[in-house]
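# Summary of structural features
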There are 2 protein chains.
Amino acid sequence: MASSRQAVVLLSGGLDSAVVLAWVREQGFSPIALSFDYGQRHRVELEAARRVASALGASEHIIQKIDLRAFGGSALTSDVAVPKDRDASVMESEIPITYVPARNTVFLAFALALAEARGSHDLGIGVNALDYSGYPDCRPAFVEAFERLANLATREGVEGRKITVHTPLLHMTKRDIVAEARRLGVDIDMTFSCYDPVEGGRACGHCDACVLRERGLAED
Amino acid sequence: MASSRQAVVLLSGGLDSAVVLAWVREQGFSPIALSFDYGQRHRVELEAARRVASALGASEHIIQKIDLRAFGGSALTSDVAVPKDRDASVMESEIPITYVPARNTVFLAFALALAEARGSHDLGIGVNALDYSGYPDCRPAFVEAFERLANLATREGVEGRKITVHTPLLHMTKRDIVAEARRLGVDIDMTFSCYDPVEGGRACGHCDACVLRERGLAED
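My aim in this report is to walk through the structure given alongside it, one point at a time. Values in this document were obtained by computation on a predicted structure and should not be read as measured data.

## Quick word on the overall build of chain A
Scanning chain A for helices and strands turns up eight helices and five strands. The order of helices and strands in chain A, counted from the N terminus, is β-α-β-α-β-α-α-β-α-α-β-α-α. Expressed as lengths along the three principal axes of its C-alpha atoms, the size of chain A is roughly 50 × 40 × 30 Å. Buried positions account for 55% of the 220 residues belonging to chain A.

Right under this line is the structure:
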């Protein structure tokens, strides 16, 4: 078993998870980065994840291959069109078709499995309750429920070593996140947030992820 | 979206999950069986899962390939020896090396993702709090915490359609489960429970899973 000062960080390759990785490292943890090749149309984000893991000093980077495409139900894992240029107020009030059913539950479950296997008690995830694009599994109540589950689900929990889900961005706006990225020395250009990349793997500039990212950068 | 009377059942190919599949069908659900090729040494159980899904009338059987071997931490996903001929009292008091970190959390997370993608609100899992071989993620408190999470994690939950985790075996002994299998017409010989199959894919007869199964059959 490795040091309890390891933390497993979910890393998509986007801005938010890169900031979490840098933040976790600042807190004194040795971060293990965990990414997923899950059938996403924006698979190019994994190249960004590799760059970010390396640049921000992850001790290890595991890419778990799973097949959420087999289940369907989302524009991110099917040929359904990704909505473009949605208004912020709409984003806040609707769960969009880019929502991948239970994706953060699946990702956190793997993070928990990896943490437990390595003797770590700390997970990090870049969920955000403000600029969250309407996803149910980005809300504080979801994170709290997962943390509660984690402490019942594992050997660590049973033996009384508290498992913590770190969500440093939970109450930040995109603007705050950009500022935090700059403070922590995260190279924003290295990250990739787009849900629906165009030819050559470039960001589309119009999906919710691009709109939120651009808004954060413009306000900075 | 399919009928809300579909239920996703975690199917290992063992006796317990086969009984859950039959029970769920008896309750009027159309069961979608979900199995995992996760790096387990007893991968032969997947052949049993295929037989069981077909024989018990699953409407669909999905085998999700994941790699828990990459994380390590268990005798079931590594070359560490599987303990043999353990006494029942020891099984109840210790978490054994066959425990796969957070496995049921990962499996239930996928079941939830599949259910949500298909518009189903019901999951089934064959956990058992009595003859449970000491696994933390087989306890009632774990199941309750997962159900709570499921209702916060999903579009279904947010929109107020209750997601239920069915655990018909939770308070049964292995003897009860064998009786339930007979009542429901489950062909026990079709199922496969062993953690550490010997040559030719036969059950070892000595691991916890074999010991518990044999005890259930002997008491019947």
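Back to the write-up after that little detour.
## Points about the interface of chain A and chain B
Between chain A and chain B, the residue contacts involve 38 residues of the former and 38 residues of the latter. Of all the secondary structure elements, the ones that give two or more residues to the side of chain A that touches chain B are strand 3 (60-65), helix 4 (103-118), helix 5 (140-153) and helix 6 (155-158) of chain A. Here the side of chain A that touches chain B takes 10 residues from helix 4 of chain A, the largest share from any one element. Tallied by class, the residues present in the side of chain A that touches chain B amount to 25 nonpolar, six polar and seven charged.

## A word on the pairing of strand 3 (residues 60-65) of chain B
Residues and elements named next belong to chain B. Pairing geometry for strand 2 (residues 30-37) and strand 3, over six bridges, is parallel. Bridge pairing in strand 3 places Ala33 opposite His61. Each parallel crossover has a hand, and for strand 2 linked through helix 2 (residues 45-55) to strand 3 it is right-handed.

## Points about the sheet that holds strand 4 (residues 122-124) of chain B
Residue and element names in this part refer to chain B. With parallel pairing, the five strands of this open sheet are ordered in space as 3-2-1-4-5. This sheet does not close on itself; its edge strands, each paired only once, are strand 3 and strand 5 (164-166). Along the sheet, successive strands turn relative to each other by an average axial angle of 25°, direction set aside. Where strand 4 lies against strand 5, three bridges are found, and the strand directions are parallel. Looking at the pairing, Leu123 lines up with Val165 of strand 5. Docked against the sheet, helix 1 (residues 15-26) engages strand 1 (6-10), strand 2, strand 4 and strand 5, running at close to 170° with respect to strand 1.

## Observations regarding the relation of the copies chain A and chain B
Here chain A sits on chain B after a turn of 180° about the axis and a move of 0.0 Å along it, with an RMSD of 0.0 Å. In the structure described here, the two chain copies are related by an operation that fits a two-fold rotation axis. Identified as the residue of chain A closest to the rotation axis by C-alpha distance is Ile66 of chain A, at 2.8 Å. Counting the interface residues of chain A, we find that 100% of their copies in chain B are interface residues as well, pointing to one common contact surface.

Rules of the game
- Residues numbered from 1 in each chain as written.
- Chains lettered and ligands numbered in written order.
- Predicted model: local features only at pLDDT ≥ 70, side-chain atom pairs only at ≥ 80, totals over all residues.
- Helix = DSSP H or I, 4+ residues; strand = E, 2+ residues; numbered from the N terminus.
- Buried ≥ 20, exposed ≤ 12 C-beta atoms within 10 Å, placed from the backbone.
- Contact = placed C-beta atoms within 7 Å.
- Nonpolar A, V, L, I, M, F, W, Y, C, P; charged D, E, K, R; others polar.
- Pairing = 2+ DSSP bridges.
- Right-handed = clockwise from strand over helix to strand, strands pointing away.
- Axes fitted to C-alpha atoms, helices over the stretch in contact; angles between N-to-C directions.
- Least-squares fit on C-alpha atoms with pLDDT ≥ 70 in both.

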